[in-house]
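Chain residues, written in single-letter form:
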Amino acid sequence: MHAHNPYRPDLASIREVVQETANIKTLRVVFEDESVMHNFSFRPGQVAQLSVFGVGESTFVINSPPTRREYLQFSVMRVGEVTQRIHQLNAGDQVGVRAPLGNGFDYENMQGKDILFIGGGIGMAPLRTLLLFMLDKREDYGDIMVIYGARTPHDLCYQYEFDQWQKANVNLVLTVDNEFPGWKERVGFVPTVLSEESPSPHNRVAIVCGPPIMIKFVLFGLKEQGFEDSQIITTLERRMKCGVGICGRCNIGAKYVCVDGPVFSRQQLSEMVNEL
Amino acid sequence: MDTAIKFIAFDQLNSALDRISEQLDVWVPVASKDQKRVIQFAPYRPGMTLVLDHQTTLGPKQVVLPQVEALFRFDYRKSADEPSRQKVQLEDPHPPAPTLIFGARPCDVKGFLVLDQVFSAGPFVDGIYAARREQTLFATMVCGQQDSACFCSSVGSGPTDRTGSDLWITPIAAGYVVEALSDRAHPVMAWLQEAATELHVAAAGKVQEEAARQQVGNLAVDQCQQHFLQRFADTNYWQEVAGQCLSCGICTFVCPTCYCFSITDEMKDKHGERIRSWDSCMFFTYTLEASGHNPRPSRLERYRNRVGHKFSYFPEKYQGLIACCGCGRCIRNCPVSIDIRKAVQNLQGQNHACS
């Protein structure tokens, strides 16, 4: 970040583009200035403003963990003007990156605990950062369970590394909304699978990210299982512009999602104005 | 150093400003060219007729936070290493020139004291705003022309509030008496040729006393922070307060303490700018997300957010500072007569908004 001009991005170039699903691509980028790349540090869960000059800027979680520093990764779903253009980019093309922004996950408080990730669709992106971070420091954490759902098997991201997750002793539960030819894993919505699995809340932290409707029912389900509000962590999305707590857009009451979030515990959310 | 009190006779105002504007960019209140009733700040040019006996329609916010400005420029240029590729080069905006805002009111200056918190207090500092703010002097005029929409005294300011100003102007029968309030004012004082006489100073004192006696507005803002949060979920209340809102955005446009902005790219050929432009939390698209979700989908939520931002969220974040200068512009200009004082006054208790 430029101290005198927080709106000025650092230039970065795309090293590789991975097609995750029909409408999600993953970009692996490196800062062009080697010293920026070398000095870049962040927490899992922090975000970046990724821009195409002449088109605009959008917010994405840094999808690679700080423990793997050869590139920064962003998973981008094609929904609007900027993401449409990002999907047309190739290796070698330039982007602007303003990062790190936001608070990130409080992983220090998760050490020694069992971890439950619950992700839906592109909502797996921030969870993957924290998951890989924990796998790189596996001994600091207890059991890790991942419940990950998408509409169809073709809508699951990061399929190419599911094996590695499982080898690192992750209990991976995959589900899709409907029966699908050749699909041998679970079928059903994420909240339903959660109640079937019914993981114990004892000494466990649940980290939830996905579409608003999924989050709503998952939070309800976790409550039923006996999870306290302070044991439930989620990451919020808001339309953002400046990313640095100035432009006023992403507020929920007195909090700005871009600097006070995007990670909030359910406890924190319950103390904020109800304007989700 | 010239610290004496100065005097500008009415017929000497333009020649004084001519001299100052040789050294500084000077902004003055003038009638708009095509809309004579609209008074706004414009860059001074010799021969201009200033409007100093009236609050401006639009305050001087744009002098420090322009309605549209480049945050940086970018150029696509052929890459020397790879001639088949275009590489981007970035350039910061030019540093600002020293500027004097002549003839603002205490409410206008109070607006900047609110903006300063947002842009300069951190955690991130907006260096573009901060640099321009640093280069801007305020020659502020004691306010003797309040109307029924004014309520500056209710929000910690008042007609003789000198906070944040560098020079202080008092109109008397023969002209203007000018005092320096800050060290930064001394060069400007030196460019003013005529010293004030004892009679001038005495007359100015009388005008000050008269203005200081004015208690402008009677809005009670004690604990409005908590009262707002207690009212937050009362949909009926917000329906009564803002049911007629048109989402036109004039309240935010004329507001000295509203600063919300958008960031977009503009490009022609291979050259472009990432620009900041004033936005409004009153607009549907302000919080509309690409997914179609909108956390403030109706005018009630948006008006509630405006009231909350100024009288609850802002003081919560910035040591009790209310993000309102009491200038009354939102009240005077609202096409459907929404009065923010009513929205704030009735937050407390169980009363209806209009009682």
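Residues numbered from 1 in each chain as written. Chains lettered and ligands numbered in written order. Predicted model: local features only at pLDDT ≥ 70, side-chain atom pairs only at ≥ 80, totals over all residues. Heavy atoms only, no water.

Caption draft 1: Looking closely at the interface of chain A and chain B. At the interface, 42 residues of chain A touch 48 residues of chain B. Both faces considered, chain A and chain B share a buried interface measuring about 3,800 Å² in area, 53% of it formed by carbon and sulfur atoms. Between the two partners, chain A and chain B, sit 8 salt bridges. Among the salt bridges present, the one from Arg304(B) reaches Glu275(A), with a minimum N-O distance of 3.2 Å. (Contact = heavy atoms within 4.5 Å. Buried area = accessible area lost by both parts, 1.4 Å probe. Salt bridge = Lys/Arg side-chain N within 4 Å of Asp/Glu carboxyl O.)

Caption draft 2: Focus on unusual backbone geometry. Geometrically, the link from Ala99(A) to Pro100(A) is a cis peptide bond, its omega value of -5° lying close to zero. Relative to the elements of secondary structure, Pro100(A) occurs in strand β6 (residues 94–101). Omega for the bond connecting Gly122(B) with Pro123(B) falls within 30 degrees of zero, at 10°, which places this linkage in the cis form. If you trace the backbone, Pro123(B) turns up in the loop between α3 (106–120) and α4 (127–134). (Helix = DSSP H or I, 4+ residues; strand = E, 2+ residues; numbered from the N terminus.)

Caption draft 3: Spatial organisation of the sheet that holds strand β11 (residues 271–278) of chain B. All names here are of chain B. Read across the open sheet, the 4 strands follow the order β5-β4-β11-β10; overall the sheet is antiparallel. Each edge of the open sheet is held by one strand with a lone partner, namely β5 (86–91) and β10 (261–268). With strand direction ignored, the average angle separating the axes of adjacent strands in the sheet is 25°. As defined by bridge partners, strand β4 (residues 68–78) adjoins β11 across 7 bridges and the pair is classed as antiparallel. Paired with Phe-72 across the strands is Arg-274, a residue of β11. (Pairing = 2+ DSSP bridges. Axes fitted to C-alpha atoms, helices over the stretch in contact; angles between N-to-C directions.)

Caption draft 4: How the structure looks around the domain arrangement of chain A. All names here are of chain A. You can read the domains of chain A as domain 1 (10–101) and domain 2 (107–235). Taken together, the 20 residues of domain 1 in the interface contact 18 residues of domain 2. Surface buried jointly by domain 1 and domain 2 totals about 1,600 Å² across both partners, of which 57% is contributed by carbon and sulfur atoms. Three residues stand out in domain 1 for area buried against domain 2, namely Glu-20, Pro-44 and Arg-68, and they jointly supply 29% of the buried area on that side. There are 2 salt bridges connecting domain 1 and domain 2. When the shortest N-O distance is used, the salt bridge between Asp-136 and Arg-68 registers 2.9 Å. At the junction of domain 1 and domain 2, the tally comes to 10 residue pairs in polar contact (both at pLDDT 80 or more). Those elements that provide at least two residues to the side of domain 1 that touches domain 2 are β1 (10–21), β2 (24–31) and β5 (72–77). Residue composition of the side of domain 1 that touches domain 2, grouped by class: 8 nonpolar, 8 polar and 4 charged. (Domains from an automatic or database assignment. Polar contact = N/O pair within 3.5 Å; in protein donor to acceptor, adjacent residues only side chain to side chain. Nonpolar A, V, L, I, M, F, W, Y, C, P; charged D, E, K, R; others polar.)

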